[in-house]
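Now for the letters of each chain:
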Amino acid sequence: MNPAIFIGLVDNAALLLALGFLYDAITLNRNIEKSASRQLLTGVIIGATAIAVMLTPWEFEPGLIFDTRSILFSIAGLFFGFAPTVIAVIISVAFRLYQGGIGAWTGVAVIITSGGIGVAWRHLRHKNVEIISLPEMCGFGLVVHVAMLLWMLSLPRSIAFTVLVKISLPVMLLYPITTALLGKLMTRRLSRQQAEKKISRLAAVVEQATETVVITNVAGDIVYANPYFETSSGYPVADVIGKNPRILKSGQQDNLFYQNMWETIAGGRTWQGVFINKRKDGHLYHEEAVVFPVKNAAGKIINYAAVKRDISNRVKLQTALELNRQQLRRVSRHLFNTQEETRRRLALDLHDNIGQALTALKISQELLWADLLESPAVDPALPSRLQEAVDLTDDTLTQVRAIAKNLHPPTLDTLGLNSALNVLCQSMTRHTGLVINYQGAEVPDILPQRSIALYRILQEALTNVVKHAQAEQVRVTLRLHKNTLTLTVQDDGRGFTIDNDTIDEAYFETGIGLAGIKERADWLGGRAELEAAPDDGARLTVSIPVPELRHD
């Protein structure tokens, strides 16, 4: 094997290394904005590199030279694409023909074939050249240089065989490997460049984000903060680099809060929560934050990062909304208590005053009717008319008592909650035919508003079961457990679909409805839940705390 071949290859390889820097220097340079200009300049530089390669060849004999242009053009086609390769081929073909000699046209064929194989390989890979493996690059190099050797048969017969014998071994030993190594250099540079582009895009997003991004070292000192940090905290970014984020602490959150956060992220997990921080001007603000560890390839924590959003306005709105809700609950409670007190007084007036007056009127009518019966001079039709008046008075008295009872059930005051609920169930059974099974519990004296609230809730629930559930039986239970009263109403009706979070009034079409039941339970400090399914009945559960029963 002629050592001159290796010397020529080393000289050419030095020039080929320049091609690896084209990505950084020319083709991927952001200052070259127009794609056509970039492709033209890339093609010219590849062509110039090819000329430099052909000026330092290994000369087999005058006019028959060998160099590494096959490597150059195959790599150019694979990594730079069609347009730059065509430009470089045109330049190189012109120069090779200018050089002339017996191997000029064979050299031209090698240039075109090598570039063509590179472009075709790129097309078959759908341009995903940054992920080419080393074995694939070796196979690519073998294909290119087998084609190169085949073109040696186009030389005059007198020297074609001799050329093949002398150059085949060094070419097949060295050229594919050189192609593969140069190709891997290109893929690494391309991958690095793409990674840099990705990092650049991410950096632009972080820099322009309207959320605070802070990165600390493992000791917790700030190493980076994006521009929005100054907007949210009032601290210039330059002033906080190297400082601990504790400069933002407001004192509104205890050490256990921060200890939990640090234990979470130091353990490799993500922490989420809300910071109450203090701006540079002393004003407090709320930040919704996600804090997480940043790990290297070995899995070791090298930084901590926090992405934070100022939610101060949202907190203010939520606080205002909660205050409004509390005020609404107080107003609702006051209205309910006032309504019930008015109903109670009206019921008392109906029962005691109007009821007693009607009773006295009835008694007077009955006495007058008796006197008329004893008098022979009375019109025979008068006793009958008087009896009608007595009956009308009696019906009116019954209706007044029923209205008074409906306005305020007297059993609540006389017998207590448990008996009042039992009487209500019995009354509903008599009037509707619905079988209601009541299982109660003895309840000590509790505040009147709790008793009447549970009574009205059961009254509403049973009314709606009768109207809508198409049920045959209802089971009502009252339980007292650990200072909590729980009322359950379960029917065997047609059921329905309902979501407790989006109250469906289809079932509670009249009266206070489920929304009202939930509201009453809520302002009493309890809760109301409705469970239902089609063809499987429904169950309403209302739980109300009764702290007045707590015994120390």
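Residues numbered from 1 in each chain as written. Predicted model: local features only at pLDDT ≥ 70, side-chain atom pairs only at ≥ 80, totals over all residues. Heavy atoms only, no water.

S.K.: Got a sec to walk through the nonpolar core? Specific residues and values, please.
M.R.: Membership of the largest hydrophobic core comes to 44 residues, with the highest contact counts inside it found for Phe66, Met152, Val163 and Ile167. Elements that contribute at least two residues to this core include exactly helix 3 (35-54), strand 1 (58-61), strand 2 (64-66), helix 4 (69-80), helix 5 (82-99), helix 6 (104-124), helix 7 (134-151) and helix 8 (157-208). In this structure, Ile167 is in contact with Trp58, Phe66, Leu149 and Met152, ignoring residues within four places of it in sequence. Core analysis: the next-biggest nonpolar cluster, separate from the first, contains 43 residues, Leu412, Ala420, Leu485 and Ala538 among them. (Core = buried A, V, L, I, M, F, W, Y, C linked by side-chain atoms within 4.5 Å. Buried < 20%, exposed > 50% of the residue type's maximum accessible area, 1.4 Å probe, protein only. Helix = DSSP H or I, 4+ residues; strand = E, 2+ residues; numbered from the N terminus. Contact = heavy atoms within 4.5 Å.)

S.K.: With reference to specific residues and values, describe a nonpolar patch on the surface.
M.R.: A cluster of nonpolar side chains, namely Phe82, Val86 and Ile90, defines an oily patch on the protein surface of about 300 Å² accessible area. Within the secondary structure layout, Val86 lies in helix 5. (Patch = residues over 30% accessible without salt bridge, like charges linked within 9 Å, V, L, I, M, F, W, Y side chains within 5 Å. Areas by Shrake-Rupley, 256 points an atom, 1.4 Å probe, with all protein chains shown as cover. Salt bridge = Lys/Arg side-chain N within 4 Å of Asp/Glu carboxyl O.)

S.K.: Explain the packing of aromatic side chains to me, using residue names and the numbers behind them.
M.R.: For the structure on display, the rule yields eight aromatic pairs. Geometrically, the ring pair formed by Phe257 and Tyr258 is edge-to-face, given 5.2 Å between the ring centres and 90° between the ring planes. Residues Phe257 and Trp271 carry aromatic rings whose centres are separated by 5.6 Å and whose planes lie at 85° to one another, so their mutual orientation is edge-to-face. Placement of the pair is Phe257 in helix 11 (residues 255-266) and Trp271 in strand 5 (residues 271-278), with a sequence separation of 14 residues. In this structure Trp271 comes out as buried when scored by relative accessible area, which is 6%. The cationic tip of Lys249 hangs over the ring face of Tyr258; the distance from NZ or CZ to the ring centre is 4.6 Å. (Phe/Tyr/Trp six-rings, centres within 6.5 Å; stacked < 30°, edge-to-face > 60°. Lys NZ or Arg CZ within 6 Å of the ring centre and 35° of its normal.)

S.K.: Explain the environment of Lys308 to me, using residue names and the numbers behind them.
M.R.: Within the fold, Lys308 resides in strand 7 (residues 301-310). A residue is classified by how much of its surface remains accessible, and Lys308, at 7% relative accessible area, is buried. As for Lys308 and Val213, which are separated by 95 residues in sequence, their C-alpha atoms are 6.4 Å apart. Residues in contact with Lys308, not counting those within four places in the same chain, are Glu211, Thr212, Val214, Leu248, Phe275, Asn277, Glu287, Glu288 and Ala289. A polar atom in the side chain of Lys308 sits 3.2 Å from the side chain of Glu287. (Polar contact = N/O pair within 3.5 Å; in protein donor to acceptor, adjacent residues only side chain to side chain.)

By themselves, these figures tell us nothing about what the structure is for.
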